[in-house]
Amino acid sequence: MKSLPPVITVDGPSGVGKGTLCQWLAMRLGWHLLDSGALYRLTALAALRRNLDLADEAGVARVAVELDVDFVPDATGSMLVLLDKMDMSDTLHSEATGNAASQVAALPAVRIALLQRQHNFRRAPGLIADGRDMGTVVFPDADLKLFLTASAGERAYRRYKQLIKKGMNANLEHIVKEIAERDARDTQRMVAPLKPAADAETLDTTQLDITQVCERVSTLVNQRLQVQVIP
Ligand code: DC
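These lines cover the structure that appears in this document, whether it is placed above or below.

The rules behind the values
Every chain is numbered independently, its residues counted from 1 as its sequence is written. The model is predicted, so local features are restricted to residues of pLDDT at least 70 and side-chain atom pairs to those at 80 or more, both for listing and for counting; the totals for chains, interfaces and linings are taken over all residues. Computation of side-chain values: all heavy atoms of the structure, hydrogens and water removed. Helix and strand assignments follow DSSP, with helices taken as H or I runs no shorter than four residues and strands as E runs no shorter than two, numbered in order from the N terminus. Radius of gyration: C-alpha atoms only; globule rule: 2.2 Å multiplied by the number of residues to the exponent 0.38. In what follows, residue pairs with any heavy atoms lying within 4.5 Å of each other are defined as contacts. Any residue with a heavy atom lying within 4 Å of a molecule or strand is counted as near it. Think of a polar contact as two N or O atoms within 3.5 Å of one another; within protein, one of them needs to be a possible hydrogen donor and the other a possible acceptor, and neighboring residues in sequence only count if both atoms come from side chains. Here the Shrake-Rupley method, with its probe set to 1.4 Å, supplies the accessible areas, and only the displayed protein chains count as covering residues. Patches draw on residues past 30% relative accessible area with no salt bridge. Two like charges within 9 Å are joined, as are two nonpolar side chains (Val, Leu, Ile, Met, Phe, Trp, Tyr) within 5 Å. A carboxyl oxygen of Asp or Glu within 4 Å of a side-chain nitrogen of Lys or Arg is what we treat as a salt bridge. For every residue, the accessible area (1.4 Å probe, protein chains only) is compared with the maximum for its type, and the residue is labelled buried under 20%, exposed over 50%, or partly exposed between those bounds. Only four residue types enter the tally: Lys and Arg on the positive side, Asp and Glu on the negative side; His and the chain ends are excluded. Note on aromatic pairs: the rings of Phe, Tyr and Trp (six-membered ring only in Trp) are paired at centre separations within 6.5 Å, and the planes decide the class, stacked below 30 degrees, edge-to-face beyond 60, tilted for the rest. A pair of strands counts as paired when DSSP detects no fewer than two bridges linking them.

Observations concerning the overall build of the chain
1) Next: Check the secondary structure of the chain and you find ten helices and eight strands.
2) Next: Against the globule reference of 17 Å for 231 residues, the chain gives a C-alpha radius of gyration of 17 Å, in line with a compact fold.
3) Next: Judged by the C-alpha coordinates and their principal axes, the chain covers about 50 × 45 × 40 Å.
4) Next: Across the chain, the fraction of contacts at a sequence separation of at least 24, relative to all contacts at a separation of at least 6, is 72%.

Right, here's the structure in full:
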């Protein structure tokens, strides 16, 4: 039987640094990247564009099945996200979209609708999968499962600094509240709640900067997959 391409899963709550780590790993290894959060965000955006109620499970699941999305690298190397051929890269990462995504992500039919689409990202030479249930539900046979954590206060502060750096308005207290609400919804939902897989390596990044996180993960990848990540 032909074996499937290798997968490294990276799960954890919002603002823990998964996105940066996954992009770095995918680039260093030359592997594909699945940003599963973007699929939930796009589903929420597409549903809102069709004036659907985000609690309309059957309607939102239909939107998820029909989703016309493309991830296209631009001239600077960053990824453009197209929904119905329109560039959504800016709207995609707003807090409002994140909250809407967290609502549709709690609907079982939506998760089922996005499953095959996520499996299709598993192509040679390998896949880095970023999300909440990558190691528990989507790729339970992954070659290496990572679970990143950090205190809610630290995650809120990182998000605050990101927004300020972009010249946007930010209120730390408000961000702390939103992070706590999102954590509660993502960890307490009935289907595929955010939790580490039994065989995941957990890494607390509260006291680590991104360089230190990348170094630790490189060591794990080198040991487990016998592929060399050069930091
Ligand atoms: O990673 P993110 O912030 O882009 O994710 C947006 C929301 O989507 C998040 O609140 C939880 C949900 N999500 C999920 O339920 N399962 C995933 N695999 C990825 C994201």
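This is not the end of the story, as more comes after the structure.
Considerations on the site of the ligand
1) Next: Lining the immediate surroundings of the ligand are 15 residues, of which Arg41, Arg111, Arg132, Asp133 and Arg189 lie closest.
2) Next: Between Arg111 and the ligand, the recorded distance is 2.9 Å, taken from a side-chain N or O atom to an oxygen atom.
3) Next: Here an oxygen atom of the ligand sits 2.9 Å away from a polar atom, N or O, in the side chain of Arg132.
4) Next: When the ligand sits alone it has 440 Å² of accessible area, and the protein chains cover 94% of it.
5) Next: Secondary structure elements with two or more residues in the shell around the ligand: helix 2 (36–49), helix 5 (95–104) and helix 9 (172–188).
6) Next: Per-element accounting of the shell around the ligand gives the leading share, four residues, to helix 2.

What about a nonpolar patch on the surface?
1) Next: A cluster of nonpolar side chains, namely Tyr157, Leu172 and Val176, defines an oily patch on the protein surface of about 230 Å² accessible area.
2) Next: Structurally, Val176 can be placed in helix 9.
3) Next: Residue class for Val176 comes out partly exposed when judged on its relative accessible area of 38%.

What to know about the side chain of Arg41
1) Next: Relative to the assigned elements, Arg41 resides in helix 2.
2) Next: Although Arg41 lies buried, it forms no salt bridge, and the closest oppositely charged side chain, Glu95, sits 6.2 Å away as judged by the N-O distance.
3) Next: Here Leu92 takes part through its backbone oxygen, which lies 2.8 Å from a polar atom of the side chain of Arg41.
4) Next: Setting aside residues no more than four positions away along its own chain, Arg41 makes contact with Leu92, His93, Ser94, Thr97, Gly98, Ala101 and Arg182.

Brief notes about the packing of aromatic side chains
1) Next: Going through the model one piece at a time under the given rule, you end up with two aromatic pairs.
2) Next: Ring geometry for Phe71 versus Phe121: centroids 6.3 Å apart, planes at 75 degrees, classification edge-to-face. Of the two residues, Phe71 is situated in strand 3 (residues 69–73) and Phe121 in the loop between helix 6 (108–119) and strand 6 (127–131); the sequence distance between them amounts to 50 residues.
3) Next: Since its relative accessible area comes to 28%, Phe71 is described here as partly exposed.

Quick notes on unusual backbone geometry
1) Next: A cis amide bond links Ala124 to the next residue, Pro125, at an omega of 5 degrees.
2) Next: Look at Ala192: it is not a glycine, yet its phi comes out positive at around 40 degrees.
3) Next: Tracing the sequence through the fold places Ala192 in the loop between helix 9 and strand 8 (201–204).
4) Next: One non-glycine residue, Gln226, lies in positive phi territory at about 50 degrees.
5) Next: Looking at the element boundaries, Gln226 is found in the segment after helix 10 (210–225).

Observations regarding the sheet that holds strand 5 (residues 86–87)
1) Next: Taken together, three strands build an open sheet; the order of strands is 3-4-5 and the sheet is antiparallel. Each of the sheet's edge strands pairs with one partner strand only, and the pair in question is strand 3 and strand 5.
2) Next: As paired elements, strand 4 (residues 79–83) and strand 5 share two bridges and run antiparallel to each other. The partner of Leu82 across the bridge, within strand 5, is Asp87.

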